[in-house]
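Breakdown of the fold
Single-letter residue listing:
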Amino acid sequence: MTHELLAICDACKRPVADGEGTLWIDMTEVNEATVNERAWEQLEAEKLAPGVQSYSAESLMSYPDPARWRVHHAACDPAPNANAYAIEVHRCRTAGESAGARITPAVRPHVSR
Ligand SMILES: [Zn+2]
């Protein structure tokens, strides 16, 4: 059984056909999320022993948000010049394709507005 990914554009909420868009993540947000996560750990971790840390359940409420994957048509992309890691939608349509670990980042097209 093959399951096919249906990519829906975050902006216009319509499906993204092959060649029309990308699944992407802003690497600046990834770096910020990493910095925020490390800062949170330093503030919230209780070091029980070398290499063993504990966090209170209450502290988890302030855990920083991760960077978010997005899907956009090239024409709908709100940040076409972002420092992005992008994968063309057609390259991750099926579980078999994405599990093949042969996904390569796409060069994001620069769209004039
Ligand atoms: Zn769109």
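All values reported here derive from a predicted model rather than from experimental measurement.

If you tally the helices and strands in the protein chain, you get 2 helices and 5 strands. Along its sequence from the N terminus, the protein chain presents helices and strands in the succession β-α-β-β-β-β-α. The 113 residues of the protein chain split such that 15% are buried. Looking at the protein chain alone, contacts between residues at least 24 apart form 74% of all its contacts between residues at least 6 apart.

So, on to the environment of Thr94. Here Thr94 is to be found in the loop between strand 5 (84-88) and helix 2 (95-99). Linking Thr94 and Leu6, residues 88 residues apart in sequence, is a C-alpha distance of 9.3 Å.

A few words now on the confidence of the model for the protein chain. Should pLDDT be low for a region, the predicted coordinates there are not to be read in detail. Chain-level statistics for the protein chain give a pLDDT mean of 83 and a share of 81% at 70 or above. The element-level mean pLDDT for the protein chain is lowest in helix 2, coming to 53, with strand 4 (residues 70-73) highest at 96. Confidence drops under pLDDT 50 across residues 99-104; counting only partners more than four residues distant or on other chains, this segment forms 4 contacts. Between residues 109-113, whose pLDDT stays under 50, and residues either more than four places distant or in other chains, the model counts 7 contacts.

With that settled, the discussion passes to the nonpolar core. One finds Ala7, Cys9, Val16, Leu23, Trp24, Val71, Ala84, Ala86 and Val89 forming the largest nonpolar core, which totals 9 residues. Taken together, the elements giving at least two residues each to this core come down to strand 1 (21-26) and strand 5. Leave out the neighbours within four places in its chain, and Val16 touches Ala7, Cys9, Gly21, Val71, His73 and Val89.

What follows is about the sheet that holds strand 5. Strand order in the open sheet formed by 3 strands is 4-1-5, and the pairing between neighbours is antiparallel. The sheet is open, and its two borders are formed by strand 4 and strand 5, each paired with just one other strand. Across this sheet, the average inter-strand angle for adjacent strands is 30 degrees, counted without regard to direction. Strand direction decides the pairing type here: strand 1 and strand 5, joined by 5 bridges, are antiparallel. Across the sheet, the residue bridging to Thr22 is Glu88, located in strand 5. Relative to strand 1, helix 1 (residues 27-44) is tilted by about 30 degrees, and along the sheet it contacts strand 1 and strand 5.

So, on to the pairing of strand 1. With 4 bridges joining them, strand 1 and strand 4 adopt antiparallel strand pairing. Note on strand 4: the bridge partner recorded for Trp24 is Arg70.

Before going further, it helps to spend a moment on the environment of Glu32. In this fold, Glu32 is placed in helix 1. C-beta crowding within 10 Å serves as the criterion here: with 14 such atoms nearby, Glu32 is assigned to the partly exposed category. C-alpha of Glu32 to C-alpha of Ala67: the two residues are 35 residues apart in sequence and 8.1 Å apart in space.

With phi around 65 degrees, Lys13 is a residue other than glycine that occupies positive phi space. If you trace the backbone, Lys13 turns up in the segment before strand 1.

Quick notes on the rules
- Residues numbered from 1 in each chain as written.
- Predicted model: local features only at pLDDT ≥ 70, side-chain atom pairs only at ≥ 80, totals over all residues.
- Helix = DSSP H or I, 4+ residues; strand = E, 2+ residues; numbered from the N terminus.
- Buried ≥ 20, exposed ≤ 12 C-beta atoms within 10 Å, placed from the backbone.
- Contact = placed C-beta atoms within 7 Å.
- pLDDT = per-residue confidence, 0-100.
- Core = buried A, V, L, I, M, F, W, Y, C linked by C-beta atoms within 7 Å.
- Pairing = 2+ DSSP bridges.
- Axes fitted to C-alpha atoms, helices over the stretch in contact; angles between N-to-C directions.

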